[in-house]
Structures are given as structure tokens and as C-alpha cells.
Amino acid sequence: MTLASSTSSTGTVWPSWALVVAAVLVSGLLLVGPALRRRCPVAWWLLLGFPVMVVQVMCTWRPLMAGCGLAVSRRPALTVVSGLVGNGAPPPQPRVPRHGLIRPTGGGFWLLVRLLPGQVPEDFVKAGPAMAEDWQVHGVRVTSWRPGVVRIAASVADPLAAPRLPKQRGPAQLLRVAVGVLETGAGWVIDLRRVPHWLIVGATRSGKSTLINALVAGLAPQPVALVGIDCKGGMELSLYEPRLSALATNREQAVRLLAALVDLTLDRMTVCRAARVRNIWGLSEKERPVPVVVIVDEIAELFLVASRNEKDEAHAAGTALIRLAQLGAALGVFLVVAGQRVGSDLGPGVTALRAQLGGRVCHRVADPGTAEMALGDLNPDALKAAQAITPEQAGTAVLASGDGWERARSHLVTEVDAEAIAAEYAHLAPVLPELLTAAK
């Protein structure tokens, strides 16, 4: 046998074996696919679903762009027609926006697209439903990435339908709690060090209390002081009372407690000034005071007035909350303000307070004014998304901050679970005598 024939034989056998191995691997993946999808959906998506989706997007990109009106002719229409009549030449292919690499996520994919001259991001936003229909995915969201470039993110399934609690890797970071899942499939994390103050709104049975349960459950094991203000007689926040350093259950107690918190904040300011640091995180660990998270449930109860005396109390409470919001971030005092209804009709103090609460969470609300108060000043698109939440989507919310907005859903932490967690970590509740005295 000659060398040439040996090489030819080897070259013939090798591709055959490669095809057999590839066929076996593909067949195996297809056989185990259903079980893999149930038990390890992320692995199934990365091994099977994502490669198929990449092929589908690449094959449908040009006709999809043309069908959505996002393709642009290379030459004026009159020139094209004259060329066809005079020369019989085939019509030129229109220009379509170029996309970059298609990158996977835990339950979908995303890609960057460069706009053609004359196009704006809103053109692609309008085409989002058509993309979702063509690619047969749950939803497509288009956002502006940088001038001239948009980001298209697709979710194959609804990650908010059955959110999975992410596994905790290592010790929890101080003041950082995973409370749910984002629409992208990533974990929904509330980080009070990054966004110190939050406004949470939602109607009855919309998921607002569940979110607060999840937040308290995550903060309870941490070395922080939790303070509650619940002017509905403590019906909501009394569940966590063993873990609370102080609890006010009516407006009179709330005013005293808020005043004491302002005094505590001013004392910390004096300590930081003496140490020549700009916030408590510049102090040594031994000198650093314990962070305080103030949870205010049903903010409307603090601002509704029926008499002159109540008006003075409401004004004092509002002023104290605004001062805490202005000073607290640097001095370790953080606000979580919740309510079923939050509107400008409660008085100018609510609007001024809203401006200081950088993080916003809006569940399904009973009136559009509350959604407007929560999200209207940050992002009109977030407002529309919040108003589209249905009663069947309990726990689903739209969260917004200066960085943008997302749809999310909190993990189900029941009242029984929250009460048990508060009792388990009751020994970690810091004793703050000045706050205890004020709340009595």
C-alpha cells in the first residue's frame, strides 16, 4: 500500500468516526433532555436550548429585520427599479442592523445591535413583541446600551413563574440580602450599602409583606439593629418583635422614636467629625456603631390627619424621616418605607421623602397615583410595566433606581417562617436604650 492510499484511507475513516461520535452525543443529549430540563434547567439550556436558539436567531435575523421595518435599502427606490427594467439585474439586498455575539444567560440570551443611520432605540423597542413571537421565547426586552447600540435580551421562559432561591456562597455580606429573582434570571439583591433607602408599595395581597418578610429574614442573622414603625397597632411588624431593637405601634410612639433616631444620627456625626472621617465605614471596626435598618409599614398612617394635634404629629414624623433619609446613608441608618397607598394627597412631606428614597419597588397597586409616586419620576417605561401587573401575579414587582428598572419577584417567605427566623436570631438584637425608651 502506498503512502498516498494510506493517507486517503485514514482521511476517510476519521470524518466517519467523528460523525458517529457526534451523532451519539447528540442522541444522548436528546434522550436525557427532558430529565435534564426538569432537574437542571440551566444545564439543559446551555447544552441544548442555547445552541438551537443561536441557529434560529442567525437564520431569521435578516427577514425579521425586514419584516419589522428595520432594514434599509442600499439605493433609492427609483434607481433600483430602473436597474431592474434596464439590465434585468436582481434587486440589491437591503442593509440590516449588524448584531454582535449571541451570549447566553441562565434562562435566555442577549446580544448587542448597532443601529443604522436614522434609527433610534424606540424602533427596536416596538419590534420586541415581533422578535419574541418569531424566536418563540417568553419575552424580549430592548434597552439602550450606548449611543448607536441597543441591547436585546430574551427570556426563553418566565423566570418569575417559579423563582428558585439561589444557593448562598460564603458568608452573607453586611446589609446585602437576596430577596428574589429578576426577570433576567439573576438574583434580586437589595444592597443597602449601595442603595441605602427604599420605597415599597403594593395593594393587599400583592406581595409587599412577603418582600418585607424576605428582607427581614436576610437581615436577622446579620449584626444590624432592626427598628420597626407600624402605626396599625403593630399588626404587621410585631411578627419580628423578638429581633427588633425597638417597635412603635402608634403615631405618638413613632414621633418619639423617629426623634430619637435623629439624635442617634447626630451623635454619630459628632463621632465621625472627631475621627476626621466622612462616614461610619471610615471608623475602625471597634469604633464603628451598629448599622440601623428602620422599617416603616403603612406610611399613610403617619401622614393622615383628622385634627390639629395629629397634623403637628404628622409634620414632626415627616420632618424626622426626611432628615434620616438625608443624613442616614453615611451614618449607618437606613430606611425601608412601605405602604399600600402613597400619593401627593398625603401632603408635601411625602413628596419630599420620596425624593430621598433612591430604591423603588412597585407591586400591583389599587390606584395609578401610587404607581406614579413610586416610579413616575424615575422611568416612564417602569411605570407602564407596573400598571400591567395582574392580580394573579402576586409577588411580582417592578423595581427601579438610578441604574434603570427591572421586573422581579420575591421569594415566598411566609409569616410563620419570618416569625420563626426572628425568634431564632433574637439574641442578636442590639440593645439601644435610647430607642427602647422612646418607643414606650
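Below you will find a few notes about this structure. On a predicted model such as this, the values are computed, not experimentally measured, just so you know.

1. Brief notes about the packing of aromatic side chains
Part 1: Tallying each qualifying case throughout the model produces 4 aromatic pairs.
Part 2: Plain terms: the ring middles of W61 and W135 are 6.5 Å apart, the flat faces sit at 15° to each other, and that makes the pair stacked. Taken together, the positions of W61 in helix α2 (residues 41-67) and W135 in helix α4 (residues 121-135) put the pair 74 residues apart, joining distant regions of the chain. Of the two residues examined, W61 and W135, each falls in the buried class.

2. Describing the environment of T60
Part 1: Tracing the backbone through its elements, the reader meets T60 in helix α2.
Part 2: Residues T60 and D134, 74 residues apart in the sequence, show an inter-C-alpha distance of 8.0 Å.
Part 3: Not counting the four nearest positions on each side in its chain, T60 is found in contact with D134 and W135.
Part 4: At 3.4 Å, the side chain of T60 and the side chain of D134 are in polar contact.
Part 5: Looking at T60, its side chain comes within polar contact range of the side chain of W135, at 3.2 Å.

3. Overview of helix α11 (residues 380-387)
Part 1: Buried within α11 we find A382, L383, A385 and A386. The buried residues of α11 all sit within an arc of 165° when viewed along its axis, so they share a single face. Those residues of α11 that are exposed and angled more than 90 degrees off the buried face are P380 and K384.
Part 2: For α11, the secondary structure elements touched by its buried residues are β13 (359-362), α10 (368-375), β14 (396-401) and β15 (404-410).

Calculation rules
- Residues numbered from 1 in each chain as written.
- Predicted model: local features only at pLDDT ≥ 70, side-chain atom pairs only at ≥ 80, totals over all residues.
- Heavy atoms only, no water.
- Phe/Tyr/Trp six-rings, centres within 6.5 Å; stacked < 30°, edge-to-face > 60°.
- Helix = DSSP H or I, 4+ residues; strand = E, 2+ residues; numbered from the N terminus.
- Buried < 20%, exposed > 50% of the residue type's maximum accessible area, 1.4 Å probe, protein only.
- Contact = heavy atoms within 4.5 Å.
- Polar contact = N/O pair within 3.5 Å; in protein donor to acceptor, adjacent residues only side chain to side chain.
- Arc of directions from axis to C-beta.

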